[in-house]
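Listed here are the chains, written in short residue letters.
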Amino acid sequence: MLHAGETPPGLESRVGDARLRFAADADELATALPGSDVLLTWDFTSDAVKEVWHDDLARSLRWVHTASAGVDRVAFPELLATPLTLTNSRGVFDRPIAEFVLGAVLAFAKDTARSLALQRDRTWRHRETETIAGRTATVVGSGPIGQAIAQLLGAAGLDVRLVGRRAADGVHAFDELPGLLPDTDYLVLAAPLTDATRGMLHSGTIALLPERARVINIGRGPLVVQDDLTAALASGRLAGAALDVFEVEPLPADSPLWTMENVLISPHMSGDVVGWKDMLVELFVDNLQRFRTGRDLRNVVDKERGYVSSSGGKA
Ligand SMILES: O=CC(=O)O
């Protein structure tokens, strides 16, 4: 078994007599990976697995677990084509991300960023703020994270439409999205990065949103054509954006997004509440027990889903 990236807390004492190899970077991974049957990738911003991949690994490796909900960092064709089992960490981040999104909605509605800016200037300036009750949120992504967001925003009084791949009970099909955009106040992107979702928000779809709309992206940066969104925010074509993920991470210092007053930027942290790493270890250790006793694993990912690799996005 092998783990790549930062050391997960308490993992070593939890794996019984399984032999752990640690790899902090691509070079160490290239040495450690051959002969391993399990790979735990702990760093959702690293392209190390893709960098060191070669076909022999397809024969030895039987299971890859990502310490993330998104599997895009390992969703490259050579790995997806192998018979190995891919599992992710869905479930850990749902509620934290939903709270993060609600916080962003409230920050926009209550003009919080402006209050902080005025406070820094010791300026007392009364304004009227918006209510969130009755506003419309369109949440793209009907997995556990999207569902948690929809549930929390709904509980807060927003009128929520959930959009998934296919129509289902309470879920709109992805191809219905253009019809939902014109009366959207908050567009929340919580979809995985797939063939269908990459670049889904571009100048054409932005043009369908009303000028009052705000975009909240807690999914993956490449869901959005960032230049198109930046231009729309700069011109006032859109009212605002809360962005936790970007085409390139960390967001380069020269990005115009940093200084826009209507943009909230956070460094890919929407799900990372205190204790999240312990929860990830818990999930992995449980799955490891299952793996070693031949039982079904939790959180198996459908490798045929059309996931695309987000590699190359790291600065
Ligand atoms: O981005 C983090 C994750 O996919 O869990």
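Conventions and cut-offs
- Residues numbered from 1 in each chain as written.
- Predicted model: local features only at pLDDT ≥ 70, side-chain atom pairs only at ≥ 80, totals over all residues.
- Heavy atoms only, no water.
- Buried < 20%, exposed > 50% of the residue type's maximum accessible area, 1.4 Å probe, protein only.
- Helix = DSSP H or I, 4+ residues; strand = E, 2+ residues; numbered from the N terminus.
- Pairing = 2+ DSSP bridges.
- UniProt positions renumbered as here; feature names shortened; annotations may be inferred.
- Near = heavy atom within 4 Å.
- Polar contact = N/O pair within 3.5 Å; in protein donor to acceptor, adjacent residues only side chain to side chain.
- Areas by Shrake-Rupley, 256 points an atom, 1.4 Å probe, with all protein chains shown as cover.
- Nonpolar A, V, L, I, M, F, W, Y, C, P; charged D, E, K, R; others polar.
- Salt bridge = Lys/Arg side-chain N within 4 Å of Asp/Glu carboxyl O.
- Axes fitted to C-alpha atoms, helices over the stretch in contact; angles between N-to-C directions.
- Contact = heavy atoms within 4.5 Å.

Trainee: Hey, could you run me through the pairing of strand 4 (residues 63-66) in this one?
Mentor: The side chains of a regular strand alternate, first on one face of the sheet and then on the other. Residues of strand 4 alternate between two faces, with Trp-63 and His-65 on one and Val-64 and Thr-66 on the opposite face, all of them buried. Where strand 3 (residues 38-41) and strand 4 come together, 4 bridges link them in parallel fashion. Bridge pairing in strand 4 places Leu-40 opposite His-65. The pairing of strand 4 with strand 5 (residues 85-87) spans 3 bridges and is classified as parallel. Bridge pairing links His-65 to Thr-87 in strand 5.

Trainee: What is the right way to read the UniProt feature "domain: D-isomer specific 2-hydroxyacid dehydrogenase catalytic" (unreviewed entry) in the protein chain from this model?
Mentor: UniProt marks residues 22-301 with the feature "domain: D-isomer specific 2-hydroxyacid dehydrogenase catalytic" (unreviewed entry), using the numbering shown here. When the span residues 22-301 is considered, its composition is 33% helix and 15% strand, and the gap between its end C-alpha atoms is 24 Å.

Trainee: Could you clarify how one ought to interpret the site of the ligand in this entry?
Mentor: The environment of the ligand is formed by Phe-44, Ser-68, Ala-69, Gly-70, Phe-93, Arg-220 and His-268. At 2.6 Å from an oxygen atom of the ligand is found a main-chain nitrogen or oxygen belonging to Gly-70. In the model, an oxygen atom of the ligand is placed 2.4 Å from a nitrogen or oxygen of the His-268 side chain. Notes on the ligand: free accessible area 190 Å², of which the protein chains cover 88%. For the shell around the ligand, a count of residues per class yields 3 nonpolar, 3 polar and 1 charged.

Trainee: Got a minute to help me understand the pattern of salt bridges in this structure?
Mentor: Pairs can form between side chains of opposite charge whenever their charged atoms are close. For the structure on display, the rule yields 13 salt bridges. Of the charged contacts in the structure, one is a salt bridge between Asp-72 and Arg-220, with a shortest N-O distance of 2.8 Å. Highlighted residues: Asp-72 in the loop between strand 4 and helix 4 (77-80) and Arg-220 in the loop between strand 10 (214-217) and helix 10 (226-235), separated in sequence by 148 residues. By the burial criterion, Asp-72 is buried, and Arg-220 matches it. With a shortest N-O distance of 2.4 Å, Arg-212 and Asp-185 are connected by a salt bridge. In this pair, Arg-212 sits in the loop between helix 9 (203-206) and strand 10 while Asp-185 sits in the loop between helix 8 (177-180) and strand 9 (186-189), placing the two residues 27 residues apart along the sequence. Exposure remark for Asp-185: the relative accessible area of 7% places this residue in the buried category. Linked through salt bridges whose partners overlap, the residues forming this network are Asp-286, Arg-290 and Arg-298.

Trainee: What is the right way to read the side chain of Arg-214 from this model?
Mentor: Note that Arg-214 resides in strand 10. Among the polar contacts made by the side chain of Arg-214, one reaches the side chain of Glu-130 at a distance of 2.9 Å.

Trainee: Sorry, what's going on with the UniProt feature "domain: D-isomer specific 2-hydroxyacid dehydrogenase NAD-binding" (unreviewed entry) in the protein chain here?
Mentor: Taken from the UniProt record, the annotation "domain: D-isomer specific 2-hydroxyacid dehydrogenase NAD-binding" (unreviewed entry) applies to residues 103-270. Along residues 103-270 one finds 27% helix and 17% strand; the C-alpha atoms at either end are 10 Å apart.

Trainee: What is the right way to look at the sheet that holds strand 4 in this model?
Mentor: As a general point, the strands of a sheet are linked pairwise by backbone hydrogen bonds and lie either parallel or antiparallel. As summarised here, the arrangement of the 5 strands in space is 2-1-3-4-5, forming an open sheet in which the pairing is parallel. Only two strands of the sheet have a single neighbouring strand rather than two, namely strand 2 (21-23) and strand 5. Sheet twist, expressed as the average angle between the axes of neighbouring strands with direction ignored, equals 15 degrees. Note that strand 1 (residues 2-4) and strand 3 share 3 bridges and pair parallel. Its bridge partner lying in strand 3, Ala-4 is registered against Thr-41.

Trainee: Would you mind going over the sheet that holds strand 9 with me for this structure?
Mentor: Reading across from one edge, 8-7-6-9-10-11-12 is the order of the 7 strands in this open sheet, with parallel pairing throughout. The sheet is open, and its two borders are formed by strand 8 (171-173) and strand 12 (263-265), each paired with just one other strand. The sheet shows a mean angle of 20 degrees between the axes of neighbouring strands, taken without regard to direction. Here strand 6 (residues 136-140) runs beside strand 9; their pairing, made up of 4 bridges, is parallel. Looking at strand 9, one finds that Thr-138 is bridged to Leu-187. Running at roughly 155 degrees to strand 10, helix 5 (residues 94-109) makes contact with strand 9, strand 10, strand 11 (240-243) and strand 12 of the sheet.

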